[in-house]
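A closer look at the structure
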Amino acid sequence: MSIRPIASLMLGTLLSLPAGASDGGQLAADHGCMNCHGPAAKSAPGLQGLSAKLQRKGDSPEALQHLLKEMREGKTIHGHQMVSDESAIAILAWMARGSR
Ligand code: HEC
């Protein structure tokens, strides 16, 4: 396993922030993630499918960082760009735990 020291240091700081399971759901709602990924989602992968995918990848710092990068790369999605790293990681971690 190779972890780049700086990235893992940053993530260690991010992940040590208190973020309970329900906070993730609240953050996702607050950041408009659910507008596109909610139950009525048509154009974006729904929360269930997204969670299933993230659960398969796990909630390790490396997996979450990779997902964040994937989100940022799709430049066309405003919601993916506006969210802070901290909030995005908290939401992704929540999704990776099955969105509960
Ligand atoms: C404007 C609609 C919209 C909003 C708002 C939105 N998304 Fe997305 N999201 C999409 C679409 C469309 C895709 C699939 C296409 C893609 O991956 O770029 C996607 C894909 C994803 C993926 C999968 C990335 C991958 O490549 O596996 C994740 C994770 C994700 N979104 C998380 C979030 C989070 C967290 C938020 C809130 C901060 C959010 N999205 C807000 C539309 C949206």
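Residues numbered from 1 in each chain as written. Predicted model: local features only at pLDDT ≥ 70, side-chain atom pairs only at ≥ 80, totals over all residues. Heavy atoms only, no water.

So, about the environment of L50. Of note, L50 is situated in helix α4 (residues 47-57). The sequence separation of L50 and S99 amounts to 49 residues, and the corresponding C-alpha distance is 9.4 Å. (Helix = DSSP H or I, 4+ residues; strand = E, 2+ residues; numbered from the N terminus.)

The subject of this paragraph is α4. It helps to recall that an α-helix has 3.6 residues per turn; residues three or four apart then point in one direction. Residues of α4 that are buried: L50, S51 and L54. All buried residues of α4 project into a common sector of 95° when viewed along the axis, lining one side. Opposite its buried face, α4 presents the exposed residues Q48 and R56, each directed more than 90 degrees away. Residues of α4 that are buried sit in contact with α3 (33-37), α5 (61-73) and α7 (85-96). (Buried < 20%, exposed > 50% of the residue type's maximum accessible area, 1.4 Å probe, protein only. Arc of directions from axis to C-beta. Contact = heavy atoms within 4.5 Å.)

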